[in-house]
Amino acid sequence: MTVPSLPPKDEERLGVFGRETELASIRETLLAPEKRKILLGGISGVGKTSALAETQDRLRSEKDVLLTLEITSPAQSPAEVVQVLSTQIASSDSVQVATLNQYFSELAKRPVKNAYRLGMALLGDVAKAKLSNAEGTVKEIAAILAETDDAASTDAQAQALSEAGKDDLVLAFRELLQSIADNGQSGSIVVDGLENASSSVVDTTLALVADLPDNWCISLAVNTERTEGPQVFSKISELLVYRGGEALELRGLDRDGVLAWMKEFNPADRGDHEIDKAIEVTQGRPLYLSDWLSGTELDQVTLALGRTLAPTYQARFNSLSPQAQAYLSRLCVIPSGLFDISAVASALGNGIPDFNVVAVHNELRTARFLEAGIDQRLRPHDEVRQQVSSILGQGLQRDVAQQILNQVEALDVDVASREAELLRLRADAGQLAQVRDEGEAVAAKLLEYSPEAAGQAYEIIAESRAGEMVSEEGSDFLLNRAKAMIGVGKYPAAIEFVDQADASISAKELVLKSNQVRLKALLRLNRYSEAQTIAAQVLKLLPKDAPVEYIETLRILNTIYRDLGDAPNATSTAKELKKTSKRIDLNDRVASRVWRSLARTYAIFRPNRSVRAAKNALRFAERSGVLRDVGNAYLAVGEARRHTGEFKKAVKAYENAIDRALALGNVDSLLWSALGKADAEMMAGDIRAATQSLGQLQPFFSDEGRRHPLEALHWQLSQLELRLLTSEATDIDVPALIEGYSKLGLSWPEQYIEQLLREGKNLPKPI
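Conventions adopted
Residues numbered from 1 in each chain as written. Predicted model: local features only at pLDDT ≥ 70, side-chain atom pairs only at ≥ 80, totals over all residues. Heavy atoms only, no water. Helix = DSSP H or I, 4+ residues; strand = E, 2+ residues; numbered from the N terminus. Buried < 20%, exposed > 50% of the residue type's maximum accessible area, 1.4 Å probe, protein only. Contact = heavy atoms within 4.5 Å. Areas by Shrake-Rupley, 256 points an atom, 1.4 Å probe, with all protein chains shown as cover. Pairing = 2+ DSSP bridges. Axes fitted to C-alpha atoms, helices over the stretch in contact; angles between N-to-C directions. Patch = residues over 30% accessible without salt bridge, like charges linked within 9 Å, V, L, I, M, F, W, Y side chains within 5 Å. Salt bridge = Lys/Arg side-chain N within 4 Å of Asp/Glu carboxyl O. Lys, Arg positive; Asp, Glu negative; His and termini not counted. Charge placed at Lys NZ, Arg CZ, Asp CG, Glu CD. Core = buried A, V, L, I, M, F, W, Y, C linked by side-chain atoms within 4.5 Å. Phe/Tyr/Trp six-rings, centres within 6.5 Å; stacked < 30°, edge-to-face > 60°. Lys NZ or Arg CZ within 6 Å of the ring centre and 35° of its normal.

## Considering the overall build of the protein chain
Across its full length, the protein chain holds 38 helices and seven strands. Taking all 767 residues of the protein chain together, the buried fraction comes to 53%. Here the contacts in the protein chain between residues at least 6 apart in sequence split such that 71% fall between residues at least 24 apart. With the model as given, the accessible surface of the protein chain reaches about 33900 Å², and the carbon-plus-sulfur share is 49%.

## A few points about the pairing of strand 1 (residues 37-42)
Strand residues, when the strand is regular, have side chains that alternate between the two faces of the sheet. Taken across its six residues, strand 1 has six buried, putting it largely inside the fold. The side-chain alternation of strand 1 yields two buried faces, one formed by Lys-37, Leu-39 and Gly-41 and the other by Ile-38, Leu-40 and Gly-42. Of the strand pairs in this sheet, strand 1 and strand 4 (residues 216-223) are connected by six bridges, and their pairing is parallel. Paired with Gly-42 across the bridge in strand 4 is Asn-223. Both strand 1 and strand 5 (residues 246-249) contribute to a ladder of four bridges, which runs parallel. For Leu-39, the partnering residue across the bridge sits in strand 5 and is Ala-247.

## As for unusual backbone geometry
Phi angles above zero are rare outside glycine, and Asp-354 is one such case at about 55°. Counting through the fold element by element, Asp-354 comes out in the loop between helix 18 (342-347) and helix 19 (357-366). Of note, the phi angle at Asn-526 is positive, near 60°, even though the residue is not glycine. Tracing the backbone through its elements, the reader meets Asn-526 in the loop between helix 26 (508-524) and helix 27 (528-541).

## Notes on the sheet that holds strand 1
Reading across the sheet, the five strands line up as 2-3-4-1-5 and stay open at both edges, with parallel pairing between neighbours. One side of each edge strand has no neighbouring strand; the edge strands of this open sheet are strand 2 (65-70) and strand 5. On average, each strand axis in the sheet is inclined to that of its neighbour by 15°, with strand direction left out of account. Across six bridges, the pairing between strand 2 and strand 3 (residues 187-192) is parallel. Within strand 3, the residue paired with Leu-69 across the bridge is Val-191. Contacting strand 1, strand 3 and strand 4, helix 10 (residues 199-210) runs over the sheet at an angle of about 150° to strand 4.

## Details of a positive patch on the surface
There is a patch of like positive charges on the surface, built from Lys-575, Lys-579, Arg-583, Arg-606 and Arg-609. In terms of residue count, helix 29 (residues 567-583) provides more of the positive patch than any other element does, three residues in total. In this fold, Lys-575 is placed in helix 29. Here Lys-575 falls in the exposed class, since its relative accessible area comes to 64%.

## A word on the environment of Ser-669
Within the secondary structure layout, Ser-669 lies in helix 34 (residues 667-683). Among all residues touching Ser-669, those that are not within four sequence positions of it are Gly-631, Asn-632, Leu-635, Ala-657 and Ala-661.

## Some remarks on the nonpolar core
If you look at the biggest cluster of nonpolar residues, it comprises 98 residues, and the most contacted ones within it are Tyr-528, Leu-717, Leu-720, Leu-737 and Leu-746. The residues contacting Leu-720, other than those within four sequence positions of it, are Thr-730, Ile-732, Val-734, Leu-737, Ile-753 and Leu-756. Counting 50 residues, the second largest nonpolar core, distinct from the first, contains Val-258, Trp-292, Tyr-327 and Leu-422.

## Looking at the packing of aromatic side chains
The final tally for this structure, using the stated rule, is four aromatic pairs. Between Tyr-741 and Trp-748, the aromatic rings sit 6.0 Å apart at their centres with planes inclined by 45°, giving tilted as the arrangement. For the pair Tyr-741 and Trp-748, one class covers both residues: buried. Both rings, one in Trp-748 and one in Tyr-752, keep their centres 6.0 Å apart while their planes meet at 80°; by these two values the pair is edge-to-face. Within this pair, Trp-748 and its partner Tyr-752 are both found in helix 38 (residues 748-759), separated by four residues, close to a single helical turn. No difference in accessibility class separates Trp-748 from Tyr-752, as the two residues are buried. Across the ring face of Phe-233, the terminal group of Arg-368 is positioned such that the distance to the ring centre comes to 4.7 Å. Just above the ring of Trp-672 sits the side chain of Arg-600; from NZ or CZ to the centre is 5.7 Å.

Here is the structure:
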């Protein structure tokens, strides 16, 4: 028989977009002399194979020999693995014939039986062809082999090879690698699919890892979602890390990775909310996202995903002890926010017979159903939650949710801050009537202080009201969802909900509400022309007895004019704001917002008035007790101080604003405050601090810049200023930067950049 050759799998590269951080980390590890070994783990379809193939491509300039092997079955023996890799070496144009000739010459000098085993381990058909004219070395070895153990034929020799001890095989292959290394050549080995390997192949791989020549590197991959994957990953990572290598868990693609993919391949148009849903359903697995991006409906992708993964998870779940099954079921049904409450988390094991929390945690962690979160609590992976919920089915999931709900209600703890999570638990427990009756009031209250929780609440209510959205009541609900999306910075999704709502709107008050919500989203997306048109419609629709709504619309117009650099209209709307606010009795929150708008407008166009206005904004905000408004008021103080040359005070105010923005998840305030802080630091000559401030924003703009186009442009402009201050070369495309501003309707940056390039940084940016 002839030992079969197993060529590497040739498939489309999926999931290399959005992977630059991981790919750079892999490459750095493989090229580091003290490391050179890496193990990739990850769920099915997450892109491990593509990442390894991309890594091999990027190593071509550093490595002479690139070897790739995929394990597809436990039936593959160590001999087959060694045969495939050595055949690739023999057929490589990079490996010198003299190197192979020298290797086999040394082999021929050894004792007959040893030469037999080691020689056949590496003497494939390609090697024979390549060395057929090499000074008779192959003939000499063949003659020795023919005399050994009556192995007169190639088939008999191959059979003997399959029975060779793996230690001999690894030694033979390792010596071949060393021969190549001794001749000044290096290489990279990739072994994929180790979750499919027999224990002897895993041991062979580990032996190779333990004794790899110095200038070779090796990459291994294990599917940690497959039944055998967790144990194999644990076994390999333990030795690999001990030997100085790295273990890396590859996660699903994030939104920016998907958007980069969409930009590259121009697939079917997908809405903002659709993209979020697809990433949630697929857990960012490129293998399944590729079908969706090609036009397959998401429900079909979900079915395909379920059919593929369900048997694996069912088998893994069935292998757990009854106690671990019961505990994992509760852990996958309980909303994450409730698990954050220690008393609730501690009560999850109540009622489970023979429950031992340490033993169960160890069992679930070893089986890779749980991983430690940032706070070191053990939590299920997102995909585990989905699959276990599917295994439970609706009836059993409802029972588990009711068990958890009973435990939560029996505890003497305050869970008022977790109303959205309680709503989810009630929905899962089948209490849909209560969700419908109480849900909207809960969501409306959450809108005031936690838009993210409000968004979750509205989503839960929408699930309980499926099919009831085509009505004016449904449209009002959709508009409230849009407001929640604005609160968490998902402005494109907000506009999608408004568009859906408009299909069933006729009542004047709903038309007004739709325009008001759309106006706020358009402002955040810096779509100024559209926003001005909608603002005019809002002003026409507003009743005379709605001064607060009138003020809010004026504030938006004032912001638009300020961003555009339109001094006459910015100052006139500021004047109208001040005049209107004097006519009516405003509550502290509205008063703070009015003074905040005045302070930011004055900062750019009338700096001498700005500090007093900012102090008023802060005074009213603190009196209101609403932290979000306090943080925004500190931002206004920072703007006022920056434009009046009080840079140290400006930095302090911005830091106060940033602290509150981080605590509350106020993305807009965070961005403007951080940009203002960096500008104040540049004006103060503190280049190191400015560099750090701008650097902290880089991860944000790589992920969220699409939702904040103006802030992203200001960030690039700040980077340009920083390069000029430090006389560093810049790769910023200035014409493209100017064009980016121009597309938003802003002309002032072109003059600002010209002055910057001519005179350097001597004025604060009008941000």
